[in-house]
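# Chain and residue survey
The lines below spell out each chain.
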Amino acid sequence: MHKMISKPVYIYIILYIINICRLFAQPQVSITTINQKLSSYPDSAKARMLNVLFDENVDKSPDEALGYARLALQIAQKLSDNRYIALSKFNVGKSLQNAGKYQDAVDNYFDCLPLFEKLNNKSKLVETMDHIAWCKMYFGEYQSSNYYNKKSIQIAEESGDQNNILMAFNSLGNVYEELNKLDSANNFYQKARRLISSST
């Protein structure tokens with residue numbers, strides 16, 4: 001059973017986030033500086049906020065985001081906290097994928113898959129498999145890409161996660177389009193469109 005978080009702890013977390021956001025607003029803040037500024041906070045809070053900083057930077061600055069993710073991973077491993085180890089591994093993979101280092105990305109995705117399974121985090125399982133499928137498609141491994149896309153659809157349907165089902169349908173469409181199986185590609189694109197229509 002999880003303990004309830006007391007009001008003082010909530011206040012502490014809010015003040016902590018405000019301080020980090022002020023720090024993040026400063027231009028060209030280095031990973032070393034971030035680490036120094038976080039030194040007075042508990043490791044669990046460091047890991048949480050480093051992943052927040054990762055989310056802020058993953059699309060616009062992959063190298064910076066990779067630094068945050070790797071530092072978060074070090075802290076998570078120190079804590080032996082599988083939640084943050086899995087998330088940080090995923091984030092490292094995502095940064096490497098954005099930087100075009102697809103094999104290294106896949107290696108990290110495979111590392112976090114069993115952790116997300118153990119944690120029963122179906123949303124992250126689906127998202128990880130979708131990224132693996134994309135990388136496999138890039139390698140030209142279409143059968144493997146197809147396998148991970150179908151697995152992600154199965155898990156997403158079991159959990160009722162329409163966003164992830166939609167993502168997987170589009171990814172499968174891309175795979176079949178690359179294989180020049182246009183009827184199959186169109187079939188999955190149509191499924192994606194019907195899902196969007198039914199949710200609006």
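Residues numbered from 1 in each chain as written. Predicted model: local features only at pLDDT ≥ 70, side-chain atom pairs only at ≥ 80, totals over all residues. Heavy atoms only, no water.

## Looking at the pattern of salt bridges
In total, this model carries 6 salt bridges according to the counting rule given. Asp 43 is the partner of Lys 46 in a salt bridge, and the nearest nitrogen-oxygen pair spans 3.3 Å. Of this pair, Lys 46 and Asp 43 both sit in helix H3 (residues 43-57), 3 residues apart, roughly one helical turn. You'll find Lys 46 and Asp 43 in the same group, each marked buried. For Lys 78, the salt bridge is made with Asp 43, and the minimal N-O distance between the two is 3.2 Å. Of the two residues, Lys 78 is situated in helix H4 (residues 62-79) and Asp 43 in helix H3; the sequence distance between them amounts to 35 residues. A relative accessible area of 17% places Asp 43 in the buried class. Where salt bridges share partners, they join Asp 43, Lys 46 and Lys 78 into one cluster. (Salt bridge = Lys/Arg side-chain N within 4 Å of Asp/Glu carboxyl O. Helix = DSSP H or I, 4+ residues; strand = E, 2+ residues; numbered from the N terminus. Buried < 20%, exposed > 50% of the residue type's maximum accessible area, 1.4 Å probe, protein only.)

## Details of the packing of helix H7 (residues 122-138) against helix H8 (residues 142-159)
Two elements in contact, H7 and H8, have axes separated by 8 Å at closest approach and are oriented at 165°. Regarding the angle of H7 to H8, the classification is roughly antiparallel. Like other packed secondary-structure pairs, H7 and H8 cross with a definite hand, here left-handed. Taken together, the residues of H8 that come into contact with H7 (itself represented by Lys 122, Leu 125, Val 126, Met 129, Asp 130, Ile 132, Ala 133, Lys 136 and Met 137) are Tyr 142, Ser 144, Ser 145, Tyr 148, Asn 149, Lys 151, Ser 152, Ile 155, Ala 156, Glu 158 and Ser 159. (Axes fitted to C-alpha atoms, helices over the stretch in contact; angles between N-to-C directions. Parallel < 35°, antiparallel > 145°, perpendicular 65-115°, else oblique. Left-handed = near helix turned anticlockwise from the far one by under 90°. Contact = heavy atoms within 4.5 Å.)

## Re the packing of aromatic side chains
Applying the stated criterion across every chain, the model contains 10 aromatic pairs. Here the aromatic rings of Phe 90 and Phe 116 are separated by 6.5 Å at their centres, their planes lie at 70°, and the arrangement is edge-to-face. Of this pair, Phe 90 sits in helix H5 (residues 82-98) while Phe 116 sits in helix H6 (residues 102-119), and the two are 26 residues apart along the sequence. Neither Phe 90 nor Phe 116 differs from the other in exposure class; each is buried. On the numbers, 5.8 Å between centres and 5° between planes, the contact of Tyr 176 with Phe 188 is stacked. Of this pair, Tyr 176 sits in helix H9 (residues 162-178) while Phe 188 sits in helix H10 (residues 182-199), and the two are 12 residues apart along the sequence. According to the relative accessible area criterion, Tyr 176 is buried, its value standing at 12%. Three or more aromatic residues joined by ring pairs make a cluster, and in this case those are Tyr 102, Trp 134, Tyr 138 and Phe 139. (Phe/Tyr/Trp six-rings, centres within 6.5 Å; stacked < 30°, edge-to-face > 60°.)

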